[in-house]
Amino acid sequence: MQRLLVEYFPLVYDQNQILTESAANPNAPIKIKGVLQRADAENQNGRSYPKNILMRETSKYDTDFIKQRRALGELDHPDSTVVNLKNVSHNIVEMHWEGDDLCGTVEVLSTPSGNIVRELLKNGIRLGVSSRGVG
């Protein structure tokens, strides 16, 4: 049986900026930034991923998903690696390396789940992003 792997990183955002931008244009997308993955460091699952492997896989992900606007994520941590479209809350719009940290920008979508994220952010709730994979 495959085991779902989950890793969590806090996102960086300015709550005042989100409130100001939301008041000015409630339909404008909210973009938040943060670390998406960390190379060569033990994660919460006790695993460490070599940077060369992560670079290879993130390059594929960038080509196959981000550039095609298909890098969708869900609000919660489902047990499956398949993204359920009815639960989509965000889309990753770019990724880049800063040392051993893979950083990126996440756009909160105006879906029902995305609206939950938007309201949590507006209320100062600290959210993060987690990767998931099967190992």
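What comes next concerns the included structure. Note that the structure is predicted; figures quoted are calculated from it, not measured.

## Details of the overall build of the chain
Part 1 of the argument: The number of helices and strands found in the chain is three helices and six strands.
Part 2 of the argument: Counted from the first residue to the last, the chain has its helices and strands arranged as β-α-β-α-β-β-β-α-β.
Part 3 of the argument: The C-alpha atoms of the chain give a radius of gyration of 15 Å, which matches the 14 Å a tight globule of 135 residues would have.
Part 4 of the argument: Looking at the chain residue by residue over its 135 residues, the buried ones come to 33%.
Part 5 of the argument: Long-range pairs, those at least 24 residues apart, make up 63% of the contacts in the chain with a sequence separation of at least 6.
Part 6 of the argument: For the chain, the accessible area works out to roughly 8200 Å², and carbon and sulfur atoms hold 52% of it.
Part 7 of the argument: In the chain, 16 side chains carry a positive charge and 17 a negative one; their mean positions are 4 Å apart.

## Examining the pairing of strand 5 (residues 101–108)
Part 1 of the argument: Among the eight residues that make up strand 5, eight are buried, leaving the element largely enclosed by the rest of the structure.
Part 2 of the argument: Side-chain alternation along strand 5 places Asp101, Cys103, Thr105 and Glu107 on one buried face and Leu102, Gly104, Val106 and Val108 on a second face that is also buried.
Part 3 of the argument: Here strand 2 (residues 30–38) pairs with strand 5 via eight bridges, running antiparallel. Note on strand 5: the bridge partner recorded for Val35 is Cys103.
Part 4 of the argument: Where strand 4 (residues 88–98) lies against strand 5, eight bridges are found, and the strand directions are antiparallel. Pairing of Met95 across the sheet is with Gly104, part of strand 5.
Part 5 of the argument: With antiparallel pairing between neighbouring strands as the criterion, strand 4 and strand 5 make up a hairpin whose turn holds two residues, including Gly99 at a positive phi of roughly 65 degrees.

## What about the side chain of Glu107?
Part 1 of the argument: Inspection of the secondary structure puts Glu107 in strand 5.
Part 2 of the argument: What makes Glu107 buried here is its relative accessible area of 10%.

## Looking at the side chain of Thr105
Part 1 of the argument: Tracing the sequence through the fold places Thr105 in strand 5.
Part 2 of the argument: We classify Thr105 as buried; its relative accessible area is 6%.
Part 3 of the argument: Residues in contact with Thr105, not counting those within four places in the same chain, are Lys31, Ile32, Lys33, Asn91, Ile92, Val93 and Glu94.

## Examining the packing of helix 1 (residues 15–24) against helix 3 (residues 112–122)
Part 1 of the argument: Where helix 1 meets helix 3, the axes come as close as 9 Å, and the angle between the chain directions of the two elements is 120 degrees. Considering the angle they form, helix 1 stands oblique to helix 3. Contacts between helix 1 and helix 3 involve Gln15, Ile18, Leu19 and Ser22 from the former and Arg118, Leu121 and Lys122 from the latter.
Part 2 of the argument: Classifying every residue of the contact of helix 1 with helix 3 by side-chain character gives three nonpolar, two polar and two charged.

## Structural notes on the pattern of salt bridges
Part 1 of the argument: Counted under the stated rule, the structure contains seven salt bridges.
Part 2 of the argument: Between Asp100 and Lys51 there is a salt bridge, with the nearest N and O atoms lying 3.8 Å from each other. Of this pair, Asp100 sits in the loop between strand 4 and strand 5 while Lys51 is found in helix 2 (residues 51–66), placing the two residues 49 residues apart along the sequence.
Part 3 of the argument: Exposure remark for Lys51: the relative accessible area of 22% places this residue in the partly exposed category.
Part 4 of the argument: A salt bridge links Glu57 to Arg56, with the nearest nitrogen and oxygen atoms 2.8 Å apart.
Part 5 of the argument: The class for Glu57 is partly exposed, based on a relative accessible area of 33%.
Part 6 of the argument: Given a relative accessible area of 43%, Arg56 falls into the partly exposed group.
Part 7 of the argument: Each of the salt bridges in this network shares a partner with another, and the network as a whole consists of Arg56, Glu57 and Lys60.

## Some thoughts on the nonpolar core
Part 1 of the argument: Among the nonpolar cores identified, the biggest contains 20 residues, and Ile32, Ile92 and Leu121 are the most heavily contacted of them.
Part 2 of the argument: Secondary-structure elements contributing two or more residues to this core are strand 1 (4–12), strand 2, strand 4, strand 5 and helix 3.
Part 3 of the argument: With sequence-adjacent residues up to four places away left out, Leu121 is seen in contact with Tyr13, Gln15, Ile18, Ile30, Ile32, Val108 and Leu127.

The rules behind these values
- Residues numbered from 1 in each chain as written.
- Predicted model: local features only at pLDDT ≥ 70, side-chain atom pairs only at ≥ 80, totals over all residues.
- Heavy atoms only, no water.
- Helix = DSSP H or I, 4+ residues; strand = E, 2+ residues; numbered from the N terminus.
- Rg over C-alpha atoms; globule rule 2.2 N^0.38 Å.
- Buried < 20%, exposed > 50% of the residue type's maximum accessible area, 1.4 Å probe, protein only.
- Contact = heavy atoms within 4.5 Å.
- Areas by Shrake-Rupley, 256 points an atom, 1.4 Å probe, with all protein chains shown as cover.
- Lys, Arg positive; Asp, Glu negative; His and termini not counted.
- Charge placed at Lys NZ, Arg CZ, Asp CG, Glu CD.
- Pairing = 2+ DSSP bridges.
- Axes fitted to C-alpha atoms, helices over the stretch in contact; angles between N-to-C directions.
- Parallel < 35°, antiparallel > 145°, perpendicular 65-115°, else oblique.
- Nonpolar A, V, L, I, M, F, W, Y, C, P; charged D, E, K, R; others polar.
- Salt bridge = Lys/Arg side-chain N within 4 Å of Asp/Glu carboxyl O.
- Core = buried A, V, L, I, M, F, W, Y, C linked by side-chain atoms within 4.5 Å.

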